[in-house]
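# Descriptive analysis of the structure
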Amino acid sequence: MINEKVALILEDKINVIKSDETSIYLVGPIKLPVNLEDETIIFQWYCWLRCENMAGHFCGDGTYNIEKIIETLASSNLAEMQQSSVLLYGDFQHSAEALIRMHSICHTGDIFGSKRCDCGFQLKQAMKMIATQGSGALFYLANHEGRGIGLFSKAMAYVLQEKGLDTVEANLELGFVDDARNYDDAIRVLKKLRSNPVTLITNNPRKLEALQNSGANVAGRVPLWGDISEFNEKYLKTKVVRSGHLKDSKNE
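Residues numbered from 1 in each chain as written. Predicted model: local features only at pLDDT ≥ 70, side-chain atom pairs only at ≥ 80, totals over all residues. Heavy atoms only, no water.

### Some details on the overall build of the protein chain
- Regarding its fold elements, the protein chain presents 10 helices and 8 strands.
- In terms of C-alpha radius of gyration, the protein chain reaches 19 Å, essentially the compact-globule figure of 18 Å for 252 residues.
- Along the first, second and third principal axes, the C-alpha atoms of the protein chain reach 60 × 40 × 35 Å.
- Classification of the 252 residues of the protein chain by burial places 45% in the buried group.
- Of the contacts formed within the protein chain by residues at least 6 apart in sequence, a portion of 66% connects residues at least 24 apart.
- Just so you have it, the protein chain exposes about 13,500 Å², and 52% of that area is on carbon and sulfur atoms. (Helix = DSSP H or I, 4+ residues; strand = E, 2+ residues; numbered from the N terminus. Rg over C-alpha atoms; globule rule 2.2 N^0.38 Å. Buried < 20%, exposed > 50% of the residue type's maximum accessible area, 1.4 Å probe, protein only. Contact = heavy atoms within 4.5 Å. Areas by Shrake-Rupley, 256 points an atom, 1.4 Å probe, with all protein chains shown as cover.)

Here is the structure:
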């Protein structure tokens, strides 16, 4: 049994976003001091988990049983599952303007600082842009590795790229589509946290279209290019030529 005091503490920090097929459990906000270029910036952190609807978690009046939710999660092997999260800055719920980024996880770029891509640069730069703006959110999407093919498949794709294939060709040769990413859960969380307009930090028109098609309140987008080197020049060119990324605002 879950300690009653523990349940009361978590009750105000866990929200459930329900739909017909799945529920998203959203825990937060949690104060998260982050080091950005030797300056500590205070973000508010949320993490979410998508689960199949479990009737035993919900009461007849539409509320949910926090003790049963915690007990179920404690018995699940969550370390083997993908969980995404979001960093908020400023008064994200109420501010008139806010920047957001839907950032796809990149194990090699975000963690190791790989120069084969620009992902690590984009992650840090987006956080700086949000902090400078004064209000925003960075969604870190954990099931998006390799544009949705997973880390092991991404490693195989890298092997093919070292033999001359570009990123799109490598994914297709392995039997995948160019881009298998889905933004539905992140958009559901966004709508829970904010209804005012957002400006998307991206070069990818598919991300912008996913938000617009969902009915999210999107004011527009701002580009994010940089950190070009001999190691990622072909990769960045492929993004534009093969994947349709927008080079700058004049290309929209």
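There's plenty left to go through after this.
### As for the sheet that holds strand 1 (residues 14-18)
- Reading across from one edge, 1-2-3-4-6-5-7-8 is the order of the 8 strands in this open sheet, with mixed pairing throughout. For this open sheet the edge positions go to strand 1 and strand 8 (218-222), each flanked by a neighbour on one side alone. Strand-to-strand twist of the sheet, defined as the mean angle between neighbouring strand axes without regard to direction, takes the value 25 degrees.
- For strand 1 and strand 2 (residues 22-36), the ladder comprises 5 bridges, and the chain directions are antiparallel. (Pairing = 2+ DSSP bridges. Axes fitted to C-alpha atoms, helices over the stretch in contact; angles between N-to-C directions.)

### So, the state of the cysteines
- Here the structure, examined in full by the defined rule, presents 0 disulfides.
- Note on C106: no disulfide assigned, nearest cysteine sulfur contributed by C117 at a separation of 3.7 Å.
- Of the residues examined, C106 reaches a relative accessible area of 3% and is grouped as buried. (Disulfide = S-S within 2.5 Å.)

### What to know about the nonpolar core
- By size, the foremost hydrophobic cluster in this structure holds 26 residues, and its most contacted members are W48, V86, I100, M102, F139, V189 and L211.
- Listing elements by their share of this core, those giving two or more residues are strand 2, strand 3 (39-52), strand 4 (84-89), strand 5 (99-104), strand 6 (136-141), helix 8 (184-193), strand 7 (198-201) and helix 9 (205-213).
- Among the elements that make up this core, the one with the highest residue count is helix 8 (5 residues).
- Filtering out sequence-adjacent residues up to four positions away, L211 remains in contact with I100, M102, I187, L190, L200, A216 and V218.
- Counting 14 residues, the second largest nonpolar core, distinct from the first, contains V34, L36, I41 and I201. (Core = buried A, V, L, I, M, F, W, Y, C linked by side-chain atoms within 4.5 Å.)

### Comments concerning helix 9
- When we look at burial in helix 9, the residues that qualify are P205, K207, L208 and L211. For helix 9, the angular spread of buried residues about the axis comes to 160 degrees, placing them on one side.
- Buried residues in helix 9 make contact with strand 5, helix 8, strand 7 and strand 8.
- If you check the start of helix 9, you find a side-chain oxygen 2.9 Å away from the backbone N of R206, and it comes from N204.
- Immediately downstream of helix 9, the backbone of G215 shows phi near 90 degrees, a positive value. (Arc of directions from axis to C-beta. Polar contact = N/O pair within 3.5 Å; in protein donor to acceptor, adjacent residues only side chain to side chain.)

### A look at helix 10 (residues 233-241)
- Inspection of helix 10 places Y235, L236, T238 and K239 among the buried residues, and these make up the whole buried set. The arc that holds the buried residues of helix 10, viewed along the axis, is 155 degrees, so those residues lie on one side. Across from the buried face of helix 10, at angles greater than 90 degrees, the exposed residues are E233, K237 and V241.
- At its buried positions, helix 10 is contacted by helix 4 (119-133) and helix 7 (167-173).

### Some words on the packing of aromatic side chains
- Taken as a whole, this structure holds 2 aromatic pairs when the rule is applied.
- Sitting over the face of the ring of Y158, R116 holds its NZ or CZ atom 4.0 Å from the ring centroid.
- Between R194 and the ring centre of F92, over which it is positioned, the NZ or CZ distance is 5.4 Å. (Phe/Tyr/Trp six-rings, centres within 6.5 Å; stacked < 30°, edge-to-face > 60°. Lys NZ or Arg CZ within 6 Å of the ring centre and 35° of its normal.)

### Quick look at the pattern of salt bridges
- Applying the stated criterion to the full structure yields 9 salt bridges.
- Residue E37 pairs with K128 through a salt bridge whose shortest N-O separation is 2.4 Å. With E37 in the loop between strand 2 and strand 3 and K128 in helix 4, this pair connects stretches of sequence that are 91 residues apart.
- When its relative accessible area of 62% is taken as the criterion, E37 is described as exposed.
- Look at K128 and you get partly exposed, because its relative accessible area is 24%.
- The structure contains a network of salt bridges with shared partners spanning R147, D178, D179, R181 and R206. (Salt bridge = Lys/Arg side-chain N within 4 Å of Asp/Glu carboxyl O.)

### Quick word on the side chain of S153
- Secondary-structure assignment places S153 in helix 6 (residues 151-161).
- Judged by its relative accessible area of 12%, S153 falls in the buried class.
- Those residues in contact with S153 that lie beyond four places of it in its chain are L174 and F176.

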